[in-house]
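Inside the fold
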Amino acid sequence: MTNSPAFFVSYAREDVKHEQFRENFRTFITDLGARVAGLLAIPIEDAYFVDENIETGELWPEQLKNALMKCKASIVLYSPSYFTREWCGKEFQVLLDRCKKDAGVTGIIPVRWLKTIPELPESAAKVQYQDGRLPPEYSSRGMRQLAALQGAYPALYEDVLDVFADRIVDAVQNEFLTPLDSLDFNKVKSAWSPARNAAPQPSHMQGNISKTCFVYLAREGWDWKPYDPDKSGIGALSQKISGDLGLRYEEILCDSALSQKLKETYENDVPTVLFLDPRSLGEEAVSESMEQYDEKYYLNCAAIVPWEAEVKDKIEDDTRWITLQTMCPQKVGDPPPYHEWRTIFSQSTLEERTAKLIEEIRSRLMKKLMSGPSASPGTPRASVLRWAADDYMAETAAAMGISTGSLPSLGSPDR
């Protein structure tokens, strides 16, 4: 293998110590490497570098260092263990340092190795890991399980491999990573260190309109399926919608801290969607959360209630609708913008309307963010609004880390 592989594999060795997990890991990496080699017309041995000498604990320092300095892209396997290992943090930091400044893209390609990953450190949260082309099963299962089940679901596995192979090839061909001439690995500080030594702003307060937070007011939470039981749960659906819009995704739990977190997303201009399961209105956490929410007026929030199709023409007599009116008399009686209390009766409408509401909220927040930097927090920012398509507007948004690619055009308030 050359010193400049197409992609470098950064992972936590704890995740592959078990024999079966190690086999899943090897399957994924070798299959991905074969695809990348074919797309780039290079020998398969030049397609990737992976340090897999976990039995002896040897790190092959020179070979690993050279690959880390010269690789043209990297995949990083996100897992709870990955964000606790100093060595992983060092590798991630080197890759961050190699990313071209102000390019808006990176050669770092995150992979959800396990279905559950922790709240991302600030350094990792900057790297987009959602992709609308990935099927919902990828988010709900994780790549390790897809590799384990690739014999049973070959088409699903192949589709996911193709997405990651395309992203690697794109990074290689566009030279998203700048090679290093030298590297003193002992002096590299782990990318996770700042997150431990400082008190970073909670992630739900970060990102402005480049992300969307979701709250699942449902007994099953993330796994709730409003319609077809064979379709993906609400969590996977939310992740897909976010990915299709080019946005980062984050879940906010329905617990005692929800009211405060909603206040914080409002203060930090983060679009937030609340999904309410009518069948869960009897749940204490859901009821308390909705009663508290009824007292607030947050224009960054959307509330959506998906109903069964069969109640569409008789919802007035549905006991759950009556309960909801009692629980949220202000918002149901005089709905603020972005609230769909009794208009969603199918999966397709749920998906379409959710995406539309997110974009409407982002448009409104963009107007606020672009109306002038001089206004203090909490006060109106009155100034002439520019079009989002205008060069100055786009450059200003980019400087703030805001993507305007999927936003509709913005005009004056009376437009």
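Structure report, in brief. What you see is a predicted model, and the numbers here were worked out from it, not measured in a lab.

All chains considered together, the criterion is met by four cavities of 30 Å³ or more. For the largest cavity, the calculated volume is near 90 Å³. Lining the largest cavity are 13 residues, with Q130, D131, L134, S139 and Q239 sitting closest to its centre. Of all the elements in the fold, those that place two or more residues in the lining of the largest cavity are helix 5 (136–141) and helix 9 (234–244). For the lining of the largest cavity, the element with the most residues is helix 9, which contributes four residues.

Take the environment of I361 next. For I361, the location among the structural elements is in helix 14 (residues 347–370). Taking the C-alpha atoms as reference points, I361 and P271, separated by 90 residues in sequence, lie 6.3 Å from one another. Ignoring sequence-local partners within four residues, the contact set of I361 consists of P271, T272, L299, N300, C301, A302 and Y338.

Looking now at the pairing of strand 7 (residues 272–276). For strand 7, the buried fraction is high: five of the five residues fall into the buried class. Neither face of strand 7 is open: one carries T272, L274 and L276, the other V273 and F275, and all of them are buried. Pairing analysis gives five bridges linking strand 5 (residues 211–217) to strand 7, with the strands arranged parallel. Residue pairing in the sheet places F214 in a bridge with V273 of strand 7. Pairing geometry for strand 7 and strand 8 (residues 301–306), over four bridges, is parallel. Looking across to strand 8, one finds that L274 is bridged to A303.

Our focus in this paragraph is the layout of surface pockets. Here the second largest pocket is characterised by a volume of approximately 650 Å³. Sorting the residues of the lining of the second largest pocket by element identifies helix 4 (122–125), helix 5 and strand 6 (248–251) as the ones contributing at least two each. When residues in the lining of the second largest pocket are grouped by element, the largest group, four residues, is from strand 6. Per-class residue counts for the lining of the second largest pocket are 11 nonpolar, seven polar and nine charged.

Moving on, we come to the sheet that holds strand 7. Taken in spatial order, the five strands of this open sheet run 6-5-7-8-9, and their pairing is parallel. With one partner strand each, in any of the chains shown, strand 6 and strand 9 (339–344) form the two edges of the open sheet. Sheet twist, expressed as the mean angle between neighbouring strand axes with direction ignored, is 25°. Contacting strand 5, strand 7 and strand 8, helix 10 (residues 258–267) runs over the sheet at an angle of about 160° to strand 5.

What the four strands build is an open sheet, ordered 2-1-3-4; its pairing is parallel. Edge positions in the open sheet fall to strand 2 (48–49) and strand 4 (108–112), since each of these has one partner strand only. Relative to strand 2, strand 1 (residues 7–10) runs parallel, the two sharing two bridges. Of the residues in strand 2, the one forming a bridge with F7 is Y48.

Cut-offs and rules
Residues numbered from 1 in each chain as written. Predicted model: local features only at pLDDT ≥ 70, side-chain atom pairs only at ≥ 80, totals over all residues. Heavy atoms only, no water. 1 Å grid on protein atoms, 1.4 Å probe; cavity = no way out; pocket = protein on both sides within 12 Å on 5 of 7 lines; lining within 4 Å. Points joined across faces, edges and corners; volume = space filled by probe spheres on them. Helix = DSSP H or I, 4+ residues; strand = E, 2+ residues; numbered from the N terminus. Contact = heavy atoms within 4.5 Å. Buried < 20%, exposed > 50% of the residue type's maximum accessible area, 1.4 Å probe, protein only. Pairing = 2+ DSSP bridges. Nonpolar A, V, L, I, M, F, W, Y, C, P; charged D, E, K, R; others polar. Axes fitted to C-alpha atoms, helices over the stretch in contact; angles between N-to-C directions.

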